[in-house]
Amino acid sequence: MFKKLCFIIVAAAFFFVPWLWSPAGNWAPGLAVLTGILFSILWGNPFAQYTSKYTSNLLGATIVGMGFGMNLMDVLRAGGNGFICTFAGIAIGIGLGVTLGKIFRVSKNTAYLVSIGTSICGGSAIAAAAPVLKAKAHEIALASATVFLLNAVALWIFPVIGRALGFDQLQFGYWAALGIHDTSSVVGAAMAYGEEALATGTTVKLARALWIVPVTLFISCFAAEKTPGEKSTFKLRVPWFIPGFLIASALVTWLPQIMPAAAEYIGQSGKFIKNISKYLMIITLFFIGANLNKDKLKELGVRPVIQGIILWVVLAGVWCLAVYFRIVKCTN
């Protein structure tokens, strides 16, 4: 009972402290993940059955909530600007990742899952590709744990590197969206950098996540192992929070034009939902960290981790240089 109470208090603190004391928002996302990891490993997660089951839904809800504070035209413009960069990054990431998998003799499915998770959007991409590859449970666990650990590191080091290099918020938003695996970590790192970084990072990242569909189709046709006579199968899987985010943005963009008398109320309500969602995201990051336990750490092999680290460092480094030297055109 005492452990459960402590868990609830810590989770609540990550919601209320940044809300009541705004400077805490600069370090709360990274600290939330780290605290969740330490709590789970050192003491155990007393609500593991619930956090593992509902965290992804809570994450999706917070992303949709953030959409209520963003203009749809700006969202589409930012996503479109990052299209070519995203395509190039995914192609290079999967190609390099599979090559590294062969070099380090990582199983084919694990190598693909780590590469797809790193190149597109972490756990969501792994979940979408796993059934197509007919990946085994331990292969999914290895890839997920590897990507998760690197996401946790990214939450801490990306803002530090961004400030050291003098990135403005727009530049950092693009770099975070292109260089970090998972949507939650992109949002967390961008949130620590500033409002404009958060808006840019979220929109470019969600556009990147849409590549789950064509990449999964490609995997189904050319990479998945098939029994003799078996036809390629493909099941469309788009994370529900992407259309939800777009719908939320569309509502706050167009409703004021349709209902001008309520425009001010709609705008204020949208900003309130977005702010609440930001603080809920910090709690979600704490839950994500708490989902990593000792058993999952034991499942990690050295080779997939090495593959993931090299792949991530190369991709993040390339995008960092591209943004720094303005090869990537960072525009709203």
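Because the structure is predicted, anything quoted here is derived from the model rather than measured. (Residues numbered from 1 in each chain as written. Predicted model: local features only at pLDDT ≥ 70, side-chain atom pairs only at ≥ 80, totals over all residues. Heavy atoms only, no water.)

Asks: Summarise the overall build of the protein; cite the residues concerned and give the values.
Replies: Along its length, the protein carries 16 helices and zero strands. Each principal axis of the C-alpha distribution contributes one length, and for the protein these read about 65 × 50 × 40 Å. A separation threshold of at least 6 residues defines the contact pool for the protein, and within that pool the share at least 24 residues apart is 83%. On the protein, roughly 15300 Å² of surface is accessible, and the fraction owed to carbon and sulfur atoms is 70%. Measuring between centres, the 25 positive side-chain charges of the protein sit 6 Å from its 11 negative side-chain charges. (Helix = DSSP H or I, 4+ residues; strand = E, 2+ residues; numbered from the N terminus. Contact = heavy atoms within 4.5 Å. Areas by Shrake-Rupley, 256 points an atom, 1.4 Å probe, with all protein chains shown as cover. Lys, Arg positive; Asp, Glu negative; His and termini not counted. Charge placed at Lys NZ, Arg CZ, Asp CG, Glu CD.)

Asks: Which residues make up the packing of aromatic side chains, and what values go with them?
Replies: Applying the stated criterion across every chain, the model contains 23 aromatic pairs. Their ring planes at 45 degrees and their centres at 4.9 Å tell us that F7 and F286 sit as a pair that is tilted. Of this pair, F7 sits in helix α1 (residues 2-20) while F286 sits in helix α14 (residues 263-290); the two residues are 279 residues apart in sequence, bridging distant segments of the chain. Pair check on accessibility: F7 and F286 agree, each one buried. Chaining the aromatic ring pairs together yields one cluster made of F2, F7, F14, F39, W43, F47, F286 and F287. (Phe/Tyr/Trp six-rings, centres within 6.5 Å; stacked < 30°, edge-to-face > 60°. Buried < 20%, exposed > 50% of the residue type's maximum accessible area, 1.4 Å probe, protein only.)

Asks: Describe in detail the side chain of T253, supporting the description with residues and values.
Replies: Relative to the assigned elements, T253 resides in helix α13 (residues 241-258). Residue classification places T253 among the buried positions, given a relative accessible area of 8%. In this view, T253 contacts M70, N71 and L72; residues no more than four positions away in its chain are not counted.

Asks: Give me the lowdown on the layout of surface pockets, citing residues and values where you can.
Replies: For the largest pocket, the calculated volume is near 1100 Å³. For the largest pocket, the lining is made up of 38 residues, of which S56, G123, S124, A127 and D182 are closest to its centre. Of all the secondary structure elements, the ones that give two or more residues to the lining of the largest pocket are α3 (48-67), α7 (123-133), α8 (137-164), α10 (183-193), α14 and α15 (294-299). Top element by residues in the lining of the largest pocket is α8. It accounts for nine residues. Partitioning the lining of the largest pocket into residue classes produces 20 nonpolar, 13 polar and five charged. (1 Å grid on protein atoms, 1.4 Å probe; cavity = no way out; pocket = protein on both sides within 12 Å on 5 of 7 lines; lining within 4 Å. Points joined across faces, edges and corners; volume = space filled by probe spheres on them. Nonpolar A, V, L, I, M, F, W, Y, C, P; charged D, E, K, R; others polar.)

Asks: So what's going on with the packing of helix α9 (residues 169-179) against α10? Residues and values would help.
Replies: Axis separation between α9 and α10 bottoms out at 9 Å; the angle between their running directions is 165 degrees. Of the possible angle classes, the one that applies to α9 and α10 is roughly antiparallel. Classified by chirality, the crossing of α10 by α9 is right-handed. On α10, the residues that touch Q169, F172, A176 and A177 of α9 are V186, A189, A190 and Y193. (Axes fitted to C-alpha atoms, helices over the stretch in contact; angles between N-to-C directions. Parallel < 35°, antiparallel > 145°, perpendicular 65-115°, else oblique. Left-handed = near helix turned anticlockwise from the far one by under 90°.)

Asks: Go over the environment of V204, please, and point to the residues and values.
Replies: The topology assignment puts V204 in helix α11 (residues 195-209). The exposure class assigned to V204 is buried, which follows from its relative accessible area of 1%. With 25 residues separating them along the chain, V204 and G179 place their C-alpha atoms 11 Å apart.

Asks: Please set out the packing of helix α2 (residues 28-42) against α14 residue by residue, giving values where relevant.
Replies: Two elements in contact, α2 and α14, have axes separated by 6 Å at closest approach and are oriented at 30 degrees. Regarding the angle of α2 to α14, the classification is roughly parallel. When the axes of α2 and α14 are compared, the crossing they make is right-handed. Along its contact with α2, which presents A28, P29, A32, V33, T35, G36, I37 and S40, the element α14 presents I282, L285, F286, G289 and A290. Across the contact of α2 with α14, the residue classes tally to nine nonpolar, four polar and no charged.

Asks: Requested: an account of α9, with residues and values cited.
Replies: When you tally the buried positions in α9, you get ten out of eleven residues, the bulk of the element. Put simply, D168 is the residue that caps the front of α9, since its side-chain oxygen is 3.1 Å from the backbone nitrogen of L170. (Polar contact = N/O pair within 3.5 Å; in protein donor to acceptor, adjacent residues only side chain to side chain.)

Asks: Can you lay out the pattern of salt bridges for me, pointing to particular residues and giving the numbers?
Replies: Taken as a whole, this structure holds two salt bridges when the rule is applied. The salt bridge involving E195 is made with K278; its shortest N-O contact spans 2.4 Å. You can see E195 sitting in helix α11 and its partner K278 sitting in helix α14, a full 83 residues away along the chain. Judged by its relative accessible area of 39%, E195 falls in the partly exposed class. One network of salt bridges, with partners in common, ties together E195, K274 and K278. (Salt bridge = Lys/Arg side-chain N within 4 Å of Asp/Glu carboxyl O.)

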